[in-house]
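Here's the letter readout for the chains.
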Amino acid sequence: MGWFSPENTDLLTTLGLLYLQRGDYQKAFEHLGNALTYDPGNYKATLAVGSMMQAHGDFDVALSKYKAVASTVPESPPLWNNIGMCFFGKKKYVAAISCLKRANYLAPFDWKILYNLGLVHLTMQQYASAFHFLSAAINFQPKMGELYMLLAVALTNLEDIENAKRSYEQAAALDKCNPLVNLNYAVLLYNQGDKKGALCQYQEMERKVNAARESGSPLDFDPEMVEVAQKMGAALQVGESLVWTKPSKESKSKQRAAPSGKSSSSQQPLGSNQALGQAMSSAAGYGKTTQLPPGAGASPPLAKPPSLPLEPEPGSETSPEEPSAPTGAEEQRKEKRKSRQAAD
């Protein structure tokens with residue numbers, strides 16, 4: 001009905017968000033773009049357009065969009081969440097944590113912000129802090145396998161192998177599609193000397209990859225994941241696994257490679273899940289309208305559209321602190337000190 005009132009920005013924004021939910025990015029972009037032409041300060045439309053750019057890796061463009069509305073809505077958790085994940089994409093981790101902590105302060109019960117905080121701390125190898133935020137996210141979202149897998153990575157690095165195994169079991173029980181869960185679990189078991197258990201997880205991973213291929217899902221596996229799977233196959237002497245073909249997007253692996261210099265059990269999951277973090281980064285979906293697709297976070301991570309960036313319910317915000325530039329040197333110093341204390 002948009003043609004009856006072409007300048008109705010609320011209508012254009014709602015249409016854009018509906019197209020975004022359906023995965024029709026071109027139409028979504030068109031309607032949201034029109035809304036912004038008539039009302040450049042439109043917060044919802046800006047957040048949605050920014051999240052689409054962010055999902056495609058255009059972090060600087062997305063940041064400039066977010067900056068345009070930051071002064072109008074300084075207390076918006078989704079906004080600070082998305083700004084944080086743009087910094088994460090740019091590998092500015094201290095700034096990312098600073099913004100995500102602001103989002104968490106404004107929306108303490110939002111599991112996606114906690115998920116992203118866990119992800120950034122994992123990437124920075126601050127495993128105690130990662131464990132803290134991922135556990136908190138699980139309290140609010142106990143049915144998401146992806147969270148248990150990340151928790152298992154943190155536990156492995158904290159050398160709590162028994163609980164890491166339990167966490168992987170839980171992840172595998174909850175997520176029937178993501179081969180990454182089984183691959184990570186196989187690496188842990190192999191490193192613990194359990195070759196039989198590792199082979200069992202490796203075969204389960206192959207089964208999931210084949211199932212995804214047969215169902216016609218687009219297979220865009222992280223190159224790093226493919227490499228680890230091939231090494232694992234060789235180590236388990238199951239030959240060059242036929243299910244793996246190298247993705248064409250080689251350049252992406254460098255951009256997402258984990259900073260960890262440890263064994264593959266700690267290194268591998270980070271690469272793939274950074275991508276997932278970016279795809280989910282427009283996290284902070286608010287209100288009942290946001291719904292994750294079934295098996296959210298299932299493979300391949302980037303195939304899922306970002307969850308909808310919506311305004312918080314009226315009256316749900318706590319009284320904010322004064323907004324300040326998240327990248328200020330002083331804030332970075334404070335963050336570093338806090339992160340160190342948390343990690344210790």
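Scoring rules and cut-offs
Residue numbers run consecutively from 1 along every chain, following the written order of its sequence. In view of the model being predicted, local features appear only for residues whose pLDDT reaches at least 70, and side-chain atom pairs are presented and counted only at 80 or more, with totals across whole chains, interfaces and linings using the full set of residues. Computation of side-chain values covers all heavy atoms of the structure but excludes hydrogens and water. Each helix is a run of H or I in the DSSP string that is no shorter than four residues. Each strand is a run of E no shorter than two, and both are numbered from the N terminus. When a residue's accessible area, from a 1.4 Å probe over protein chains only, is under 20% of the maximum for its type it is buried; when over 50% it is exposed; and in between it is partly exposed. Contact between two residues is taken to exist if any of their heavy atoms lie within 4.5 Å; hydrogens are not considered. Note on areas: these come from Shrake-Rupley sampling with a 1.4 Å probe, and a residue is covered only by the protein chains present in the view. UniProt positions are given in the numbering used here, feature names are shortened, and annotations may be inferred rather than shown by experiment. Remark: nonpolar core denotes a set of buried residues (Ala, Val, Leu, Ile, Met, Phe, Trp, Tyr, Cys) joined through side-chain atoms within 4.5 Å. The salt bridge definition used is simple: a Lys or Arg side-chain nitrogen within 4 Å of an Asp or Glu carboxyl oxygen. Here a Phe, Tyr or Trp ring, Trp counted by its six-membered ring, pairs with any other such ring whose centre lies within 6.5 Å, and the pair is stacked when the planes are under 30 degrees apart, edge-to-face when over 60, and tilted otherwise. Polar contacts, as counted here, are pairs of nitrogen or oxygen atoms within 3.5 Å of one another; within protein the pair requires one atom able to donate a hydrogen and one able to accept it, and residues that are adjacent in sequence qualify only if both atoms are side-chain atoms. Put simply, a disulfide is two cysteine sulfurs that come within 2.5 Å.

**Student:** Account for the overall build of the chain, with residues named and values stated.
**Tutor:** Helix and strand content of the chain: 16 helices and zero strands. Here the chain holds 344 residues, and 53% of them are scored as buried. Within the chain, residue pairs in contact and separated by at least 24 positions form 64% of the contacts whose partners lie at least 6 positions apart. Summing over all exposed atoms, the chain offers an accessible surface of approximately 15600 Å²; the carbon and sulfur share of this is 53%.

**Student:** Just give me the short version of the UniProt feature "repeat: TPR" (unreviewed entry) in the chain, but keep the residues and values in it.
**Tutor:** Using the residue numbers shown here, the UniProt feature "repeat: TPR" (unreviewed entry) corresponds to residues 9-42 and 111-144. Annotation note: span residues 9-42, helix share 82%, strand share 0%, distance between end C-alpha atoms 8 Å. With 79% helix and 0% strand, the stretch residues 111-144 has end C-alpha atoms that lie 11 Å from each other.

**Student:** Tell me what's going on with the nonpolar core, and back it up with residues and numbers.
**Tutor:** One recurring pattern in soluble globular proteins: nonpolar side chains tend to sit buried together. Of all hydrophobic cores here, the largest spans 85 residues; its most connected members are Leu79, Ile83, Val120, Leu147 and Leu183. Top contributing element to this core by residue count: helix α9 (residues 145-157), with nine residues.

**Student:** Residue-level account of the pattern of salt bridges, with values.
**Tutor:** Applying the stated criterion across every chain yields a total of four salt bridges. Ionic pairing is found between lysine 90 and aspartate 60, a salt bridge with its closest N-O pair at 2.6 Å. With lysine 90 in the loop between α5 (77-89) and α6 (93-106) and aspartate 60 in helix α4 (residues 59-70), this residue pair connects regions lying 30 residues apart in the sequence. Given the relative accessible area of 27%, lysine 90 is considered partly exposed. The shortest N-O distance in the salt bridge between glutamate 162 and lysine 165 comes to 3.9 Å. Note that glutamate 162 and lysine 165 are positioned in helix α10 (residues 161-174) at a spacing of three residues, about one turn of the helix.

**Student:** Tell me what's going on with the packing of aromatic side chains, and back it up with residues and numbers.
**Tutor:** A complete count under the given rule lists four aromatic pairs for this structure. Ring centres 5.7 Å apart and planes at 65° place the aromatic pair phenylalanine 109 and phenylalanine 140 in the edge-to-face group. You can see phenylalanine 109 sitting in the loop between α6 and α7 (111-123) and its partner phenylalanine 140 sitting in helix α8 (residues 127-140), a full 31 residues away along the chain. The class of phenylalanine 109 is exposed, set by a relative accessible area of 64%. Overall, phenylalanine 140 belongs to the partly exposed group, its relative accessible area being 37%. Measuring from centroid to centroid gives 5.1 Å for tyrosine 168 and tyrosine 185, while their planes differ by 20°, and the two rings are stacked. Placement of the pair is tyrosine 168 in helix α10 and tyrosine 185 in helix α11 (residues 179-191), with a sequence separation of 17 residues. According to the relative accessible area criterion, tyrosine 168 is buried, its value standing at 1%.

**Student:** Report on the side chain of threonine 123, specifying residues and quantitative values.
**Tutor:** One can find threonine 123 in helix α7. Judged by its relative accessible area of 2%, threonine 123 is buried. At a separation of 2.8 Å, a polar atom in the side chain of threonine 123 contacts the main-chain carbonyl oxygen of leucine 119.

**Student:** Could you give me a rundown of the state of the cysteines, with the residues and numbers involved?
**Tutor:** Taken as a whole and assessed by the stated rule, the structure comprises zero disulfides. Unpaired in terms of disulfides, cysteine 86 finds its nearest cysteine sulfur in cysteine 99, a separation of 9.4 Å. Judged by relative accessible area, which is 0%, cysteine 86 ranks as buried.

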